[in-house]
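Summary of the model geometry
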Amino acid sequence: MINLKSFEVWFITGSQHLYGEETLRLVAEHSQHIADGLNADAKIPVTIVYKPVVKTPEEIYDTLLAANSAQNCIGIITWMHTFSPAKMWIRGLSILQKPMLHLHTQYNRDIPWSSIDMDFMNLNQSAHGDREFGFMVSRLRKNRKVVVGHWQDPGVISQIETWTRAAAGWQDWQGAKFARFGDNMRYVAVTDGDKVEAEMKFGYSVNTYGIGDLVKLISEVSEADIDALLIEYEETYTMDASLKKGGDKHSSVYEAAKIELGLRKFLLDGNFKGFTDTFEDLHGMVQLPGIAAQRLMADGYGFAGEGDWKTAALVRACKVMGAGLPGGNAFMEDYTYHFDPNNALVLGSHMLEVDASLINGKASLEVHPLGIGGKADPARLVFNVAGGEALNASIVDMGNRFRLIVNEVEAIEPIEDLPNLPVARVLWKPYPDMKTGCAAWIYAGGAHHTAYSQNLTAEHLQDFADIAGLEFIRIGKDTKLDQLRNELRWNEVAYK
Ligand code: MN
């Protein structure tokens, strides 16, 4: 569903006419070589496009203006092979609306000790050309990512890759539509927020739809489509005989399949990238969307429960950023704790809707009663989730700004059976440790709903926050609580 290769990042090299034709020819040749090298690198998920070297204020302005309006251009990489006097960049940078990565590199890795002369020095002078450019970007107060090192260095390529993924997530938000069935869960604070401000700031819109509009589509689903989906369920998941055709709980699975088909059609017809619903407003629906939400998330749709549109949008952005990488990006909720001092853990889950992209092995399709919502017993997928490095991310509305909070965690495979737990579940240890991680999260105002990622790092989210102009709070291995509390205090001034 999500293909990042259709996104372009433009590689733009700055220079000037001072050096003469021969030097400029070499600048162009080297730039093309670097752009082609990045484009050919299997790690880079987007298409890197070489653009002719810019040498005048007019060329800079025209190129950046074109980048703004090019539909597939998700950002630019800039590099000053030579010296590009930065007053030439003021007009262009002032109108630039696409994300920028400043690659502080050099065509040659090593100094050619025995042959170096002034011609070589004048060609390969990014060491000071990029400083001149960097000053101007700082003077203009523009966010960008600065990456330093030789362009073939795996660490440099990894940082570029991370940023291209963040830029892709950002591009995907621009003009994106998220459907909200019903309002926010009654009285809940953190899942609510300013949708107008979010649209101005993030580029996506959230609009409400009557649950009756969805119910109508569900009622129109054809028997043939339901049959086909029921066969797919049986082929994909472990199912008790009582859930299969003729079994006494089959009608629950049948209803769940109907809901999935209706919901899928609603999202496709409306060109939505995600949705949210609430169990307090499901008039006309037989059961809550359980397996439907789980499978739609696995197909790339953003989702969060209880009207939480901010988390639904963040889950979608994480899915775009992580596209093609092993592992999943999922809607998650901190549910309950294991406070064993020697093995403190968080159990993450939701009442139904745990993302099927996290399935480790074969999931079990089950039907159980649900204590809340007052609807028929819903079908859901039950599974364990693999261990390994992961993170939780949350966007909250602080009133005068949005804040993105990330907690790096170590996921742990369940060591005990949980025979009576009728939902999918994840276990993790927050970094730097349970007490500090949870306290830091609560001081920062992080939500109980998160986007849980198995394949993104804090760097992806930080790049994303920089592009979005979001406040970013990272809780990781080296977090100290006193320092973090000061950071939060100081940020109040920074964002005043
Ligand atoms: Mn919830």
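Further up the page is the structure itself.
Residues numbered from 1 in each chain as written. Predicted model: local features only at pLDDT ≥ 70, side-chain atom pairs only at ≥ 80, totals over all residues. Heavy atoms only, no water.

Here we look at the pattern of salt bridges
- For the coordinates displayed, the defined rule picks out 26 salt bridges.
- For Glu-492, the salt bridge is made with Arg-403, and the minimal N-O distance between the two is 3.8 Å. Taken as a pair, Glu-492 in helix H15 (residues 481–494) and Arg-403 in strand E16 (residues 402–412) lie far apart in primary sequence, 89 residues in all.
- A single network of salt bridges, built from pairs that share partners, joins Glu-232, Glu-260, Arg-264, Arg-295 and Asp-299. (Salt bridge = Lys/Arg side-chain N within 4 Å of Asp/Glu carboxyl O. Helix = DSSP H or I, 4+ residues; strand = E, 2+ residues; numbered from the N terminus.)

Observations concerning the pairing of E16
- Most of E16 is tucked away, with nine of its 11 residues classed as buried.
- In the sheet, strand E15 (residues 388–397) pairs with E16 via 10 bridges, with the strands oriented antiparallel. Paired with Leu-391 across the bridge in E16 is Glu-408.
- Here E15 folds back onto E16 in antiparallel fashion, the turn holding four residues, of which Gly-399 has a positive phi close to 95°.
- By the bridge criterion, five bridges tie E16 to strand E19 (residues 471–475) in an arrangement that is parallel. Across the sheet, residue Leu-404 finds its bridge partner in E19, namely Phe-472.
- In the sheet, E16 pairs with strand E17 (residues 426–430) via four bridges, with the strands oriented antiparallel. Its bridge partner being in E17, Val-409 is matched across the sheet by Pro-430. (Buried < 20%, exposed > 50% of the residue type's maximum accessible area, 1.4 Å probe, protein only. Pairing = 2+ DSSP bridges.)

A look at helix H7 (residues 195–202)
- You can read the cap of H7 off the contacts: a side-chain oxygen lies 3.0 Å from the backbone nitrogen of Val-196, and it is on Asp-194.
- Where H7 ends, the next residue or the one after it, Gly-203, has phi of about 90°, a positive value. (Polar contact = N/O pair within 3.5 Å; in protein donor to acceptor, adjacent residues only side chain to side chain.)

Let's talk about the coordination of the manganese ion
- Note on the manganese ion: its protein donors are Glu-306 (OE), Glu-333 (OE), His-350 (NE2) and His-449 (NE2). The metal-donor distances range over 2.1 to 2.3 Å.
- Coordination of the manganese ion draws on donor residues from a single chain, spaced E-x26-E-x16-H-x98-H in sequence. A residue pair is termed long-range when its members are at least 10 positions apart, and Glu-333 in strand E11 (residues 329–338) and His-449 in strand E18 (residues 449–453) qualify at 116 residues.
- With a relative accessible area of 11%, Glu-333 lands in the buried category. (Donors = N, O, S within 2.8 Å, 3.2 Å for Na, K, Ca; no water.)

A closer look at the environment of Trp-428
- Mapping Trp-428 onto the fold places it in strand E17.
- Classification of Trp-428 by relative accessible area gives buried; the value is 1%.
- Along the backbone, Trp-428 and Glu-413 are 15 residues apart, and their C-alpha atoms lie at a distance of 8.4 Å.
- Apart from residues no more than four positions distant in its own chain, Trp-428 is found in contact with Met-332, Asp-334, Leu-345, Val-346, Gly-348, Asn-392, Val-409, Glu-410, Ala-411, Ile-412 and Tyr-452. (Contact = heavy atoms within 4.5 Å.)

With respect to the packing of aromatic side chains
- Using the criterion set out here, one finds 22 aromatic pairs in the structure.
- Here Phe-181 and Phe-275 contribute two aromatic rings whose centre-to-centre distance is 6.4 Å and whose plane-to-plane angle is 65°, an arrangement assigned as edge-to-face. Of the two residues, Phe-181 sits in strand E6 (residues 177–181) while Phe-275 sits in strand E9 (residues 274–276), which places them 94 residues apart along the sequence.
- Judged by centre distance (5.5 Å) and plane angle (80°), the ring pair of Tyr-209 and Phe-266 falls under edge-to-face. Linking Tyr-209 in strand E7 (residues 205–209) with Phe-266 in helix H10 (residues 250–269), this pair joins segments that are 57 residues apart in sequence.
- Chaining the aromatic ring pairs together yields one cluster made of Trp-170, Trp-173, Phe-178, Phe-202, Tyr-204, Trp-309, Phe-402 and Phe-464.
- The aromatic ring of Trp-10 is capped on one face by Lys-51, whose charged end is 3.9 Å from the ring centroid.
- For the cation-ring pair, Arg-91 lies above Tyr-61, with the distance from its terminal atom to the ring centre recorded as 3.8 Å. (Phe/Tyr/Trp six-rings, centres within 6.5 Å; stacked < 30°, edge-to-face > 60°. Lys NZ or Arg CZ within 6 Å of the ring centre and 35° of its normal.)

Describing the side chain of Glu-260
- Relative to the helices and strands, Glu-260 resides in helix H10.
- Other than its neighbours up to four places away in sequence, Glu-260 contacts Leu-229, Tyr-233, Ala-292 and Arg-295.

Examining H15
- Taking 1.5 Å of rise per residue, the 14 residues of H15 would be expected to cover 20 Å, and the 20 Å separating its terminal C-alpha atoms lies within 8% of that figure.
- Burial in H15 covers these residues: Leu-484, Leu-488 and Asn-491. Down the axis of H15, the smallest arc covering the buried residues is 65°, so these residues share one side. Pointing more than 90 degrees away from the buried face of H15 are the exposed residues Asp-482, Gln-483, Trp-490 and Val-493.
- Looking at the buried side of H15, the elements it contacts are E16, helix H13 (434–443) and E19. (Expected span 1.5 Å × (residues − 1). Arc of directions from axis to C-beta.)

What to know about the sheet that holds E7
- The parallel open sheet is built from four strands, whose spatial order is E7-E6-E9-E10. The open sheet has two free edges, formed respectively by E7 and strand E10 (302–304), since each of these has just one partner strand. Here the strands of the sheet are splayed against their neighbours by 20° on average, with no regard to which way each runs.
- When E9 meets E10, the two strands line up parallel, connected through three bridges. When the bridges of E10 are listed, Thr-276 appears paired with Ala-304.
- Here helix H12 (residues 309–321) sits on the sheet and contacts E6, E7, E9 and E10; the angle it forms with E10, its principal contact strand, is near 145°. (Axes fitted to C-alpha atoms, helices over the stretch in contact; angles between N-to-C directions.)

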